[in-house]
Amino acid sequence: MRTFIVGTILIFSCLAICCGLGKYVSIRHNFAVSESMSPTIKPGDHFASIGIKDNDIDPINRFDIVVFKPPPNPKRGVDENQRWVFRVIGLGGEKIELKKGIVFINDKMIDETSFTKIPSEDSFKALIVPSNEYFLMGDNRPNSEDSRYIKTIKRDDIDGKVDSIIRKEDYDNGKRW
């Protein structure tokens, strides 16, 4: 009887902790529907995102890939239930500018050689990223409706960071996390 009581208390304690953390921690299974993050994440690829809403515990850094809620746009079919995925390029307080496809942060060119991207020749006027917001871009620069078009994204609209990617063909053949 004593074992049953201790076990019940333990189970209810774990449930209470998990329910309380649910508003701060999330784990999602996603899949890509567009070319905007190719070649890193291709259409049909599956990826896991882990979200911790407390920036002190798990800060978002430059070049992290994040899943976020885009600004709703009924005319274009974008609603509050959709989630998009892009790479973090600019952080709050930074001046960001694109000159012929090259990204400058605070007037210094950044090194984007740590990941593969499809370059573009786009230019974008300098802007200061607001505090607690991020400037996001897709890796497929010519085919990405990112912060150059939808503006910066607030921290509260970011669901999590991409943790692992499984290619479509691997997922179809039974590979899981």
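To be clear, the structure that these remarks concern was listed above.
If you're wondering where the values come from, they're calculated on a predicted model, not measured in any experiment.

Draft legend 1. Here's a closer look at empty space enclosed by the protein. In total, this model carries one cavity of 30 Å³ or more according to the counting rule given. Forming the boundary of the largest cavity are Ile 50, Gly 51, Ile 52, Asp 58, Ile 60, Arg 155, Ile 158, Gly 160 and Lys 161. Elements with a minimum of two residues in the lining of the largest cavity: strand E2 (46-52) and strand E11 (158-166). Class assignment for the residues of the lining of the largest cavity results in four nonpolar, two polar and three charged.

Draft legend 2. Broad picture of the sheet that holds strand E5 (residues 95-99). An order of E7-E6-E5-E8 is seen for the four strands of this open sheet, with the pairing classed as antiparallel. Two strands bound the open sheet, and with one partner strand each, they are strand E7 (108-109) and strand E8 (124-128). The sheet contact formed by E5 and E8 spans three bridges and is antiparallel. Paired with Leu 98 across the two strands is Phe 124, which belongs to E8.

Cut-offs used in this document
- Residues numbered from 1 in each chain as written.
- Predicted model: local features only at pLDDT ≥ 70, side-chain atom pairs only at ≥ 80, totals over all residues.
- Heavy atoms only, no water.
- 1 Å grid on protein atoms, 1.4 Å probe; cavity = no way out; pocket = protein on both sides within 12 Å on 5 of 7 lines; lining within 4 Å.
- Points joined across faces, edges and corners; volume = space filled by probe spheres on them.
- Helix = DSSP H or I, 4+ residues; strand = E, 2+ residues; numbered from the N terminus.
- Nonpolar A, V, L, I, M, F, W, Y, C, P; charged D, E, K, R; others polar.
- Pairing = 2+ DSSP bridges.

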